[in-house]
Amino acid sequence: MNPTRALNISIVGATGAVGAELIKLLEASQIPVNRLRLLASRNSAGRQVRFRDEICFVEALDEIGDLETDIAFLSAGGAVSAEWAPRFAAQGALVIDNSNAFRMDPDVPLVVPQINPSALSDRPRPGIVANPNCSTIQLVRVLRPLATALDVHQIIVTTYQAGSGGGLIGIDELRNGTKAVLEGRSGPPAERFPVSLAFNVVPQVGEIGSEGVTLEELKLLQEARKILAMPDLRLTSTCVRVPVENGHSEAVYLEFEKPVRLEQVHELLAKEAGVRLYADGIREGYPTPRFLTNPEDVHVGRVRVNPQNPRGLWLWVVADNLQVGAALNALLIAQLAIANRVVGGK
């Protein structure tokens, strides 16, 4: 990654949970920044954010006129992305979009740099790159080594997704609801989640479609197929919201065409960059979202072959959804684009 010049970078949704994480990761990165522009709603305009010993002021997105920038990160929801991503791209920016607005567009690459970096070997025609869904990213980073070496018959996933998946509002709703319950009060009504998440488990993430499948469950299937280039992948899931502030967990069951050896699975996962394997459950324990170390890694434990079916394998997968599942993957996309001269090579 050696751009010939410092880059102009804009972050839309800069005061949200993902935007704030992205600013911290960008500050610690080696990307040379000429100008960082922080954009959000009018309510956030005027806030001050320190970045590399400078003070940046948050601007109202709908009040700016100049959209010229080298890279535009969008993390303010699908409606904002649908309107503003094409406008930034039309002014020459490479847009890295964290919403669902463009992920299944055949002209828009859906990129996890550890898995399909060749998808961003050239500038995409629309000027937009899609950042996958948080639960998808951690899943496919573990599936890739297994699906490459072994013939997968089907995959069954249950996710346990944190309140931060609903952004800062989701975090506040969980905290306020928990405080209210502990104090014996009913607490505020649910807004970000279908019902109150405090001391609760909610088996719905996203809207429920006509066939009873939620949007989050549909994303897992469609995005995994696109990223892994496996259009016939058989994957079904139940996505659940749990009263955890940050960190998504997934119970993943894979069934292969032939019996699987635990030693081979350990070897495949141990060699995968950015994946931490807890191979010895007694000595090493297993990952949990509250006590995650190395938030840039995907953590895998409880790895076991199904005693009733030697073709079946269970995995427990945990990752920081704000880093691995969003901001870090977006930054890695930017670094890949810079390395491939998709941006910064003029």
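Computed from a predicted structure; not experimentally measured.

Parameters at a glance
- Residues numbered from 1 in each chain as written.
- Predicted model: local features only at pLDDT ≥ 70, side-chain atom pairs only at ≥ 80, totals over all residues.
- Heavy atoms only, no water.
- Pairing = 2+ DSSP bridges.
- Helix = DSSP H or I, 4+ residues; strand = E, 2+ residues; numbered from the N terminus.
- Axes fitted to C-alpha atoms, helices over the stretch in contact; angles between N-to-C directions.
- Contact = heavy atoms within 4.5 Å.
- Salt bridge = Lys/Arg side-chain N within 4 Å of Asp/Glu carboxyl O.
- Buried < 20%, exposed > 50% of the residue type's maximum accessible area, 1.4 Å probe, protein only.
- UniProt positions renumbered as here; feature names shortened; annotations may be inferred.
- Parallel < 35°, antiparallel > 145°, perpendicular 65-115°, else oblique.
- Left-handed = near helix turned anticlockwise from the far one by under 90°.
- Nonpolar A, V, L, I, M, F, W, Y, C, P; charged D, E, K, R; others polar.

Our next topic: the sheet that holds strand β10 (residues 248–256). Taking strand neighbours across the sheet as the criterion, the six strands line up as β9-β8-β10-β13-β12-β11 in an open arrangement whose pairing is mixed. Looking at strand neighbours, the two that pair on one side only are β9 (235–241) and β11 (275–277), the edges of this open sheet. Ignoring strand direction, the axes of neighbouring strands in this sheet form an average angle of 20°. Pairing of β11 with strand β12 (residues 298–305) involves three bridges; the strand directions are parallel. Directly across from Arg-276, in β12, lies its bridge partner His-299. Across the sheet, helix α6 (residues 262–270) is in contact with β11, β12 and β13 (312–319); its angle to β12 comes to roughly 170°.

Let's shift gears to the pattern of salt bridges. Two side chains bearing opposite charge may form a pair once their charged atoms approach each other closely. On inspection of all chains with the given rule, the structure shows 15 salt bridges. In this structure, Arg-35 engages Asp-66 in a salt bridge whose closest nitrogen and oxygen atoms are separated by 4.0 Å. Placement of Arg-35 in strand β2 (residues 33–40) and of Asp-66 in the loop between β4 (54–60) and β5 (71–74) is noted, with a sequence separation of 31 residues between them. Judged by its relative accessible area of 37%, Asp-66 is partly exposed. It is possible to trace a salt-bridge network through shared partners that takes in Arg-42, Asp-62 and Glu-63.

Turning to the UniProt feature "domain: Semialdehyde dehydrogenase NAD-binding" (unreviewed entry) in the chain, a few remarks are in order. According to UniProt, the feature "domain: Semialdehyde dehydrogenase NAD-binding" (unreviewed entry) maps to residues 8–123 in the numbering used here. The span residues 8–123 is 22% helix and 28% strand, and its two end C-alpha atoms sit 17 Å from each other.

It is worth spelling out unusual backbone geometry at this point. Non-glycine residue Asn-294 carries a positive phi angle of around 50°. As for its placement among the helices and strands, Asn-294 is situated in the loop between α7 (281–284) and β12. With a phi close to 60°, Arg-341 is a non-glycine residue in the positive phi region. Here Arg-341 shows up in the segment after α8 (323–339).

Here helix α3 (residues 134–149) crosses α6 at 125°, and the two axes come no closer than 9 Å. If you check the angle between α3 and α6, you find them oblique. Considering the relative orientation of α3 and α6, their crossing is right-handed. From α3, Val-142, Pro-145, Leu-146 and Ala-149 reach across to α6, where they touch Val-265, Leu-268 and Leu-269. Residues belonging to the contact of α3 with α6 are distributed by class as follows: seven nonpolar, no polar and no charged.

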